[in-house]
Amino acid sequence: GNYEAMMIDSAEKRAMDSKSLTDREGAKADMQAELEQSEGDKTSASKELMVLEQYMTALHAECDWLLQYFEVRKQARADEVD
């Protein structure tokens, strides 16, 4: 009786360990998929940030140009009126 009970307990423990392993493998696969999605999102956001930084640089250069030549153009208009 004792041996049979031990064998039954052993079989139940192996079944529970196997289920636990399967559950952990499933959780790992889910986390891996989530990580890959997050890495893709990060790559996409980084590309978008780079485009926005280039746009901002272009706007800054345009603004600098406008400020630089504003006084010159203002004076030229004043000279035309005179």
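Everything below is about the structure shown above.
Residues numbered from 1 in each chain as written. Predicted model: local features only at pLDDT ≥ 70, side-chain atom pairs only at ≥ 80, totals over all residues. Heavy atoms only, no water.

**Q** Help me get a handle on the pattern of salt bridges, residues and values and all.
**A** Evaluated as defined, the whole model comprises two salt bridges. Residue Lys13 pairs with Asp17 through a salt bridge whose shortest N-O separation is 2.9 Å. Pair noted here: Lys13 and Asp17 are both in helix H1 (residues 2-81), with a separation of four residues, about one helical turn. Residue classification places Lys13 among the partly exposed positions, given a relative accessible area of 48%. For the salt bridge of Asp23 with Lys19, the shortest nitrogen-to-oxygen distance reads 3.1 Å. Of this pair, Asp23 and Lys19 are both found in helix H1, four residues apart, which corresponds to roughly one turn of the helix. (Salt bridge = Lys/Arg side-chain N within 4 Å of Asp/Glu carboxyl O. Helix = DSSP H or I, 4+ residues; strand = E, 2+ residues; numbered from the N terminus. Buried < 20%, exposed > 50% of the residue type's maximum accessible area, 1.4 Å probe, protein only.)

**Q** Go over H1, please, and point to the residues and values.
**A** An α-helical segment advances 3.6 residues per turn. Residues three or four places apart therefore align on the same side. Taking 1.5 Å of rise per residue, 80 residues should cover 118 Å, and H1 covers 114 Å from first to last C-alpha, within 8% of that figure. Its maximal kink placed at Phe70, H1 deviates by approximately 40 degrees. (Expected span 1.5 Å × (residues − 1). Bend = angle between axes of the 7 residues up to and from the residue.)

**Q** Please provide a residue-by-residue account of a nonpolar patch on the surface, values included.
**A** Taken together, the side chains of Trp65, Leu66, Tyr69 and Val72 make up a nonpolar region of the molecular surface, amounting to roughly 380 Å² of accessible area. Within the element layout of this structure, Trp65 appears in helix H1. (Patch = residues over 30% accessible without salt bridge, like charges linked within 9 Å, V, L, I, M, F, W, Y side chains within 5 Å. Areas by Shrake-Rupley, 256 points an atom, 1.4 Å probe, with all protein chains shown as cover.)

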